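Observations on the three-dimensional arrangement
Chain residues, written in single-letter form:
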Amino acid sequence: MWDYSEKVKEHFYNPKNAGAVEGANATGDVGSLSCGDALRLTLKVDPHTEIILDAGFQTFGCGSAIASSSALTEIIKGMTVDQALTVSNQDIADYLDGLPPEKMHCSVMGREALQAAVANYRGEEWSDDHEEGALICKCFAVDAVMIEDTIRANSLRTVEEVTNYTKAGGGCSSCHEGIEEILVRVLEEQGEVFDPTAAAPVAAPKPAAGGLTTLQRIRRIEAAIESVRPQLQMDKGDVELVDVTDDTVYVNMTGACSGCQMAAMTLNGIQQRIMEELGQFIKVLPASEQQKQAAVGG
Amino acid sequence: MEPIYLDNNATTRVDPEIVAAMLPFFSEQFGNPSSMHSFGDKVGRAVKQARKQVQKLLGAEHDSEIIFTSCGTESDSTAILSALKAQPERKEIITTVVEHPAILTLCEHLEKDGYKVHFLEVDHRGRLDLDAYRSLLSDRVAVVSVMWANNETGTLFPIETMAQMAHEAGVVFHTDAVQAVGKLPISLKDSTIDMLSLSGHKLHAPKGIGVLYLRRGVRFRPLLRGGHQERGRRAGTENSASIVALGKAAEMAMEHMEYENTFVAAMRDRLEEGILSAVSHCFVTGDPENRLPNTCNIAFEFIEGEAILMLLNKQGIAASSGSACTSGSLEPSHVMRAMNIPYTAAHGSTRFSLSRYNTMEEIERVIAAVPPIVAQLRKLSPYWGVDGPVEEPGKAFAPTYA
């Protein structure tokens, strides 16, 4: 049984805006019958103000597909077409208090229906570049197509690299066999052989920390933290540097990262980056730990 | 309102009598059956009795042909890997496209190791072509593994005939009989079946106990080594409480065999007839003339199974579905696809599987509950018009990345 939020159940049992909108001037049909999820979104847009006066959905799909469709129509009603286009699939999932990783594609389908309907309203051709593969990494909801494309685009060779580029495999690690299988296949196509013992390529050696001034050290730590922020921001989180001691870096996790179950894992990732940058072992801890230690010390 | 459980092909309730039979083996009778003292001795005797009870249910010639395992999946893996190991010169396997993942996934994995696997196809009713099967039998084949009854549709395969054909060709024959044991009379001594898998929790014993039947004389290589248990064929301390439970379950299955095939079958038939006469655009999948007495699989067109299950569940009714969503995969059930059921129906396939604990009153409640649920979901469906499917559904709604 899926772990659906109360909000998902509510929107499934009592969907809002079900059915086609009367006098609609925009329609978006998306979905995949093989996957068992397909959605028709109809909108009535005021041609002068471009405000979405009404939205309706018809969905062939599971509980979360119906709930995502219902949530989408609730979110966009009253918005202008341009405002509506800024709604992301994450917004739909957030509106429903989250979706199981296997079901995130339902929110993606909602967003795509919206893009298709807007294109239809504007008389444009909408083409979809979405291709979905089997879900490999359940911790971070990464599918096979995404992994395969990333391996090709970046000539990846190891599971570790795949984790660095896509996050897949960075959690419970149960999917490493699945990732290896994709690596074997893709490398074979390129006439190469997957080597499970190969280490991820190491960046050019950095001078030992001993050779750095305090300022250089802190700059490098800042640079390392800067480099991981975009990834966190993609997930609506962020991190800021608080303090640096000889062997410890204190940071604040903010946004979606604060209180996230994955926070510990994220800290490990940041620690890894900083260690690579400094060429020295260093601990990364949440700033709250520093306060605790200060309290004990005092 | 009391919940109604119609998902007995997934797992079954452990009969209270069976629970009572196994309980002493956690506390008073906790000994290791291998031990040389009275604690072990009594447990050893109980395991022996259970072995006889299972032997009787299967109609096996010798009780030493019964090997207790941890589950049906272990039995399946043991059977196939043993046949390969014992006949290293044979590099082919014959199975079917509609097997349970316990066989299918293993075979697909073995393909990567260089084995050639022949997957027999089925027709729109889920039936095999025995001529195609015959043509594949050769001295290159290490093992044939074919399920006795399909878990999704209940469709039965002609296992005794297929075993005989394999026997004549000198090929080892295994059947995954997890769904059939306890529901169909079986007499292995009158067959040429070499190996058979069963699972306790499908016949009112607990989860975590299974059996591999291994005909005397069939060459065998164990999966687990490291102990003399099960005559060295499956090492590991016996799960004595569950073995005792399975023995009791086997005995009770014999007692209820006729009831399963008359009264349970009648409830199933009533359920099916009740739903089909009240709901349009739905049909029974598989081979209704030739199936388990407890199983009914109905495909509701233009709606999706997980949504059906959630609405049934809201009314306390438990069933199961072959839709992609219920399993988190990207395709509807491989069994539905193998029978060439269109996507718009395959995703709406719903399995009701009964047991002797169901009642006719429950069945009537389900018959009353289903039509409004189907109507409610069809109202949301882009394929459905006012009171029927839209004209040419495939054209009226053809989403972008279908």
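Quantities reported herein were computed from a predicted structural model and do not represent experimental measurements.

Counting secondary structure elements, chain A contains eleven helices and eight strands. Based on the C-alpha atoms only, the size of chain A along its principal axes is roughly 70 × 55 × 40 Å. Taken over 298 residues, chain A has a buried fraction of 45%. If you take every contact in chain A between residues at least 6 apart in sequence, the share linking residues at least 24 apart comes to 57%. With an accessible surface of roughly 14700 Å², chain A has 50% of that area assigned to carbon and sulfur atoms. Positive and negative charge centroids in chain A, built from 23 and 45 side chains respectively, lie 4 Å apart.

Looking now at unusual backbone geometry. Residues and elements named next belong to chain A. One non-glycine residue with positive phi stands out, namely Glu50, at about 65 degrees. Of the residues examined, Glu50 reaches a relative accessible area of 23% and is grouped as partly exposed. Here Lys167, not a glycine, exhibits a phi torsion of approximately 75 degrees, which is positive. Looking at where Lys167 falls in the secondary structure, it is placed in the loop between α7 (159-166) and α8 (176-189). Using a relative accessible area of 22% as the deciding quantity, one classes Lys167 as partly exposed.

Residue and element names in this part refer to chain B. Under the defined criterion, the tally for this structure stands at three cavities of 30 Å³ or more. Lining the largest cavity are 14 residues; nearest its centre among them are Lys183, Lys202, Leu203, His204 and Glu260. In the lining of the largest cavity, the residues fall into four nonpolar, six polar and four charged. Its volume calculated, the second largest cavity comes out at about 40 Å³.

Reading the values: rules and limits
Throughout this description, residue numbers start from 1 for each chain and increase along the sequence as written. Each chain takes a letter, starting from A, and each ligand takes a number, starting from 1, following the order in which they are written. Since the coordinates come from a predicted model, pLDDT governs what is reported: local features require at least 70, and pairs of side-chain atoms require 80 or more to be given and counted, while whole-chain, interface and lining totals use all residues. Computation of side-chain values covers all heavy atoms of the structure but excludes hydrogens and water. Secondary structure elements follow DSSP: runs of H or I of four or more residues count as helices, runs of E of two or more count as strands, with numbering from the N terminus. When accessible area is computed with a 1.4 Å probe and restricted to protein chains, residues below 20% of their type maximum are described as buried, those above 50% as exposed, and intermediate ones as partly exposed. Any two residues whose heavy atoms approach within 4.5 Å at even a single point are treated as in contact. Note on areas: Shrake-Rupley, 1.4 Å probe, and residue coverage restricted to the protein chains presented here. Neither His nor the chain ends contribute to the count of charged residues, in which Lys and Arg are positive and Asp and Glu negative. Note on charges: their place is set at NZ of Lys, CZ of Arg, CG of Asp or CD of Glu. Each cavity reported here is a set of points on a 1 Å grid over the protein atoms alone in which a 1.4 Å probe fits but cannot get out, each pocket an open set with protein on both sides within 12 Å along at least five of seven lines, and each lining residue one with an atom within 4 Å of a point. Grid points are joined across faces, edges and corners, and a volume is the space filled by probe spheres set on the points. Amino acid classes used here: Ala, Val, Leu, Ile, Met, Phe, Trp, Tyr, Cys and Pro are nonpolar; Asp, Glu, Lys and Arg are charged; the rest, including Gly, are polar.

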